[in-house]
Amino acid sequence: MRLATSAALLLMTSVSGAALAQDAPVAAATAAPASFAEDVWTYAEPETARVSHVDLDLVTDFDNKRLYGTAVLDVVAEPGAKSVVLDDNGLQIQSITDMDGNALPYTVGKSDDQLGSPLTVELDGNDKIKITYASAPGADALQWLPREATAGGQKPYLFSQGQPINNRSWIPTQDSPGIRQTWDARITVPKGLVAVMSGDKLTPDGVPTADGRVSYRFKMDNPVPPYLIALAVGNLAFQQLGPNSGVYSEPELIDAAASEFQDVEKMISAAEDLYGPYRWGRYDMLVLPPSFPYGGMENPTLTFLTPTIITGDRSNTDVVAHELAHSWSGNLVTNATWSDSWLNEGFTTYFENRIMEAVYGPERAAMYADLDYAQMLKDIENAGGMDAPSTRLHGEPGATAGQLDYFKGSTFLRTIEKAVGRERFDEYLRGYFDRHAFRPQTTAGFLSDLRANLIKGDTQLENQLQLDQWAYQPGLPDNAVHVRSSTLAEVDRELAAFNAGGPASAVDTDGWSTQQWLRFLRGVPKQQTAARLKEMDKGLNLSNSTNPYVRSAWYEIAIPNRYEPAVPSLKNYLNSVGRMLLIRPLYQALEAQGDWGHAIAVDAFAQAKPGYHPMAQAMSEQILAGPSQ
Ligand code: BES
Ligand code: ZN
């Protein structure tokens, strides 16, 4: 049982690694943190022996859906340490040896559904070990798409999603966000496919191999948490956008992607002006197939993006700003454990909004922030109200309700900004990123840094901020800052007229951005007559909308009313989009409708399942299985 109090936190933040930190060269890329926070989602014991570098040499086997080859790990062991403990989820290990090929004894412990197994390797005095292995066909991190599931339909596709603890299904290492590692890789793929990774691309065009394949080499010299190692392989085109930025996608999508993300250079400049230099070299983006389970993923040097944000009007470029912002909050200063994920997501949501403001002006930024505020209140309500434990920012890993780590986290930072003034807060944050660059951070660590460098004993400010309440208590402190958007206020007026019985045809949706649509659709009462739904669908062109956000929000209204005419396009939607944020609420809403909805959900999922990423499959299966006991 874990108590989310400061005292419990101090206990959790293990100090047993302190001696190690003193021995480690501070300037070295792989310098150890002062201590390793206890991460309950890893088997690793970094105080004893930790991985400092991973060298992958892997081949893609599309026929058998596996990656196979070797991983060579550099291990820093404490004097007397006999073995190193790694994370392993379903890896098929052929051998583990030293660099001369001598076998090293190892054991694979009992497997846990979520965490996988501890892989304990005897070091026998070595500081490098070589693991020859293959990933399992159903590896959690990997989605192997048959050619039919791609835009071009000609070539298969593979991509990985590491966060939070999936990478142990294809990389045998210590899979904890607090254990940073440099890495390099050689990935060998069939001719005609391109491999990209989340590091420097050393051979952009690939190198032909003797047996007719192509190898791509990559490296990452900054130490990163291993969830940030990412790979994609497919028929990829590239379009340069700025001197150090560009976008990859299948050729069919590249023009639309390049046009949608044209402002990326401006975003990078805005981010650097705010919080200091971008420290990762290039900033490229990869637009994945629609089954990509997230909106975006901040893989260093190469943000992964869902194609659902390409709506033609650049209204979802907040996702790009978000993933870019993670280059500071998350990738530079990293949540030490998944209990601290708000340090990644809340900081990033705040920072993302600052980038949007710098590039598009205050009203556009206010629109995103106002919409997020409404979602925050809804998340709190859905969680069970202000006392619900899952509304805490810091808690059990993965236990924060909805997107509260994003929205309550960003509101927390905005509240501090308001109290101390923007100039002072910006200066503080810039210093914060410098002080903790390439280090893990805990919630307690952030609060103590804030007290040391911003509050500096000002008791009035301390009392005003309610820091501990924000970080450790449920609900929403009474100083929460709510930014309001006049654009959304205008939508609210349209909404009021509509909800009072006004005709759908009178709603002026001309030129509406995704956010205006969402404000409107989320504000329509959930109980509607079939006639009214028909009028809405027709008048607002909802079932046929090409905007995936609009479609999802529409089905959230149609489903609770068991509106049959929307079912065919709903099934089609669930079968064509795998982004969990957009499909999760639909499976949930269907399940809430008893047998009627369950039948539709089962039917849709049966069709859609082969096209979903393993994470989206597991998520849907969990919802279809009903509420857990
Ligand atoms: N790092 C997250 C994605 C993630 C979160 C992966 C949790 C695994 C576990 C990414 O930066 C993110 O937050 N994506 C958002 C987009 C954002 C604009 C809210 C998403 O996927 O919707
Ligand atoms: Zn994020």
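Note that the structure is predicted; figures quoted are calculated from it, not measured. Position numbers for residues count from 1 along each chain, tracking the sequence in the order it is written. Each chain takes a letter, starting from A, and each ligand takes a number, starting from 1, following the order in which they are written. Confidence filtering applies because this is a predicted model: local features only for residues at pLDDT of at least 70, side-chain atom pairs given and counted only at 80 or more, and all residues used for totals across whole chains, interfaces and linings. Hydrogens and waters are ignored; side-chain quantities use all the structure's heavy atoms.

Participant: How should the overall build of the chain be read in this particular structure?
Facilitator: A run of H or I in DSSP counts as a helix once it spans at least four residues, and a run of E counts as a strand once it spans at least two, with each numbered from the N terminus. Across its full length, the chain holds 20 helices and 22 strands. Against the compact-globule benchmark of 25 Å for 629 residues, the chain has a radius of gyration of 24 Å, which places it among compact chains. Considered along the principal axes of its C-alpha atoms, the chain spans approximately 80 × 65 × 55 Å. Here's how the labels work: a residue is buried when its accessible area is under 20% of the maximum for its type, exposed when over 50%, partly exposed in between, all with a 1.4 Å probe on protein chains only. Across the 629 residues that make up the chain, the buried fraction comes to 59%. Only heavy atoms enter the contact rule, under which two residues are in contact if any of them lie within 4.5 Å. Intrachain contacts of the chain at a sequence separation of at least 6 include 70% that bridge at least 24 residues. The charge count includes Lys and Arg as positive and Asp and Glu as negative, but it does not include His or the ends of the chains. A charge is said to be at NZ when it belongs to Lys, at CZ for Arg, at CG for Asp and at CD for Glu. Taking the 50 positively charged and 76 negatively charged side chains of the chain as two groups, their mean positions are separated by 3 Å. Radius of gyration: C-alpha atoms only; globule rule: 2.2 Å multiplied by the number of residues to the exponent 0.38.

Participant: Before we go on, may I ask you to explain the side chain of serine 245 in this structure?
Facilitator: Note that serine 245 resides in strand β17 (residues 245–249). Serine 245 sits in the buried class, given a relative accessible area of 0%. When residues no more than four places from it in sequence are discounted, the contact partners of serine 245 are Gln240, Val264, Glu265, Ile268, Arg282, Tyr283 and Asp284.

Participant: Would you take a moment to explain the side chain of threonine 349 for this structure?
Facilitator: Topologically, threonine 349 is positioned in helix α6 (residues 341–360). Excluding residues within four positions of it along the chain, threonine 349 makes contact with His322, Asp372, Tyr406, Phe407 and Ser410.

Participant: What is the right way to look at the domain arrangement of the chain in this model?
Facilitator: The parts lose accessible area when they come together, and the size of an interface is often stated as this lost area. Domain borders in the structure are assigned automatically or taken from a domain database. For the chain, the assigned domains read domain 1 (41–136 + 155–231), domain 2 (236–327), domain 3 (333–472) and domain 4 (487–625). The C-alpha centroid of domain 3 is placed 24 Å from the C-alpha centroid of domain 2. Each partner contributes to the interface: domain 2 provides 22 residues, whereas domain 3 provides 23 residues. Buried area: the accessible surface (1.4 Å probe) lost by two parts on joining, summed over both. Surface buried jointly by domain 2 and domain 3 totals about 1,900 Å² across both partners, of which 63% is contributed by carbon and sulfur atoms. We define a salt bridge as a contact between a side-chain nitrogen of Lys or Arg and a carboxyl oxygen of Asp or Glu at a distance within 4 Å. Taken together, domain 2 and domain 3 are joined by one salt bridge.

Participant: Would you take a moment to explain helix α15 (residues 530–540) for this structure?
Facilitator: Structurally, the α-helix is built with 3.6 residues per turn, so residues lying three or four positions apart point the same way. For α15, the complete set of buried residues consists of Arg532, Leu533, Met536, Asp537 and Leu540. Viewed end-on, α15 has its buried residues packed into an arc of 135°, placing them on one side of the element. The outward face of α15, more than 90 degrees from its buried face, is lined by the exposed residues Ala531, Lys534 and Lys538. Packed against the buried residues of α15 are α13 (486–499), α14 (514–522) and α16 (548–558). Positive backbone phi, at 55°, marks asparagine 541, one or two positions downstream of α15. In this description, one arc is meant: the one made by directions from the helix axis to the C-beta atoms.

Participant: Looking at this structure, I do not really get the pairing of strand β15 (residues 231–234). What am I missing?
Facilitator: Regular strands have side chains that alternate between both faces of the sheet. Neither face of β15 is exposed, since Leu231 and Val233 on one face and Ala232 and Gly234 on the opposite face are all buried. Both strand β9 (residues 157–160) and β15 contribute to a ladder of two bridges, which runs antiparallel. Residue pairing across strands places leucine 158 opposite valine 233, the latter belonging to β15. Any two strands with at least two DSSP-identified bridges between them are counted as paired. Relative to β15, strand β11 (residues 194–197) runs antiparallel, the two being bridged by four bridges. Counterpart to methionine 197 in the pairing with β15 is leucine 231.

Participant: Is there a simple way to explain the coordination of the zinc ion (ligand 2) in this structure?
Facilitator: Any two of four tetrahedral donors ideally make an angle of 109.5 degrees at the metal, while pairs among six octahedral donors ideally make 90 or 180 degrees. Within the protein, the atoms that donate to the zinc ion (ligand 2) are His322 (NE2), His326 (NE2) and Glu345 (OE), at distances of 1.9 to 2.1 Å. Distances decide who is a donor: an N, O or S atom must be within 2.8 Å of the metal, or within 3.2 Å for Na, K and Ca. Water is not included, so sites may look incomplete. All donors of the zinc ion (ligand 2) belong to a single chain; written as a sequence motif, their spacing is H-x3-H-x18-E. With a gap of 23 residues between them, histidine 322 in helix α5 (residues 318–325) and glutamate 345 in helix α6 connect regions that are remote in the sequence. Note on accessibility: histidine 322 and glutamate 345 belong to one class, buried.

Participant: Help me out: how do you make sense of the environment of leucine 228 in this one?
Facilitator: Residue placement: leucine 228 occurs in the loop between β14 (214–224) and β15. For leucine 228, a relative accessible area of 0% translates into the label buried. As a C-alpha pair, leucine 228 and methionine 285 span 57 residues in sequence and 14 Å in three-dimensional space. Aside from chain neighbours lying at most four places away, what touches leucine 228 is Asn167, Ser198, Met297, Glu298, Asn299, Pro300 and Asn331.

Participant: Can you help me understand the site of ligand 1 in this one?
Facilitator: The criterion for a residue being near a molecule or strand is simple. One of its heavy atoms has to lie within 4 Å of it. Residues in contact with ligand 1 amount to 15 residues; listed here are only the nearest, Gln163, Gly295, Glu298, Glu323 and Tyr406. Counted as a polar contact is a pair of N or O atoms within 3.5 Å, where, for protein atoms, one must be capable of donating a hydrogen and the other of accepting one, and residues adjacent in sequence contribute only when both atoms are in side chains. Between glycine 295 and ligand 1, the recorded distance is 2.6 Å, taken from a backbone N or O atom to an oxygen atom. One of the side-chain nitrogen or oxygen atoms of glutamate 345 is found 2.9 Å away from a nitrogen atom of ligand 1. Considered on its own, ligand 1 offers 520 Å² of accessible surface; in the complex 88% of this is hidden by protein. Going through the elements one at a time, β19 (296–297) and α5 are the ones with two or more residues in the shell around ligand 1. It is α5 that contributes the most residues to the shell around ligand 1, three residues altogether. Residues are grouped as follows: nonpolar covers Ala, Val, Leu, Ile, Met, Phe, Trp, Tyr, Cys and Pro; charged covers Asp, Glu, Lys and Arg; every other residue, Gly included, is treated as polar. Split into classes, the residues belonging to the shell around ligand 1 amount to five nonpolar, six polar and four charged. Surface accessibility in these figures is a Shrake-Rupley result with a 1.4 Å probe; residues are shielded only by whichever protein chains are displayed.

Participant: I would appreciate a short explanation of the pattern of salt bridges in the present structure.
Facilitator: Two side chains of opposite charge can pair, provided their charged atoms sit close to one another. Overall, the coordinates contain 24 salt bridges when judged by the stated rule. If you follow the salt bridges from partner to partner, you end up with Arg354, Glu357, Glu417, Arg422 and Asp426 in one network.

Participant: Can you help me understand the pairing of strand β6 (residues 117–122) in this one?
Facilitator: Inspection of the sheet shows strand β3 (residues 83–88) paired to β6 by six bridges, in the antiparallel sense. Among the inter-strand pairings, valine 84 is bridged to a residue of β6, identified as valine 121. Sheet analysis places strand β5 (residues 106–108) next to β6, joined by three bridges and oriented antiparallel. In the sheet register, tyrosine 106 faces β6, and the bridge partner there is valine 121.

Participant: Help me understand the sheet that holds β19 in this model?
Facilitator: What links the strands of a sheet is backbone hydrogen bonding, and the strands pair in either a parallel or an antiparallel sense. Pairing within the open sheet is mixed, and its five strands lie in the order β16-β17-β18-β20-β19. Looking along the sheet, the strands with just one partner apiece sit at the ends: β16 (237–242) and β19. Inspection of the sheet shows β19 paired to strand β20 (residues 302–305) by two bridges, in the antiparallel sense. By the bridge assignment for β20, methionine 297 is matched with phenylalanine 304.

Participant: Please explain α13 as it appears in this structure.
Facilitator: Every helix has an expected span of 1.5 Å times one less than the residues it contains. Taking 1.5 Å of rise per residue, 14 residues should cover 20 Å, and α13 covers 20 Å from first to last C-alpha, within 8% of that figure. Along α13, the positions that sit buried rather than exposed are Leu488, Val491, Glu494, Leu495 and Phe498. Down the axis of α13, the buried set is contained in an arc of 110°. They therefore lie on one face. Buried residues belonging to α13 abut α7 (362–383), α14 and α15. Residue serine 485 occupies the N-cap position of α13, its side-chain oxygen lying 3.2 Å from the main-chain nitrogen of threonine 487. Phi turns positive, to about 110°, at glycine 501, one or two residues after α13.

Participant: Quick question: what am I supposed to make of the confidence of the model for the chain here?
Facilitator: Any segment with low pLDDT has predicted coordinates that should not be analysed in fine detail. Values of pLDDT, which run from 0 to 100, indicate the predictor's confidence residue by residue. Per-residue confidence for the chain gives a mean pLDDT of 94, with 94% of residues at or over 70. Per-element confidence in the chain ranges from a low mean pLDDT of 31 for helix α2 (residues 18–23) to a high of 99 for strand β7 (residues 128–134).

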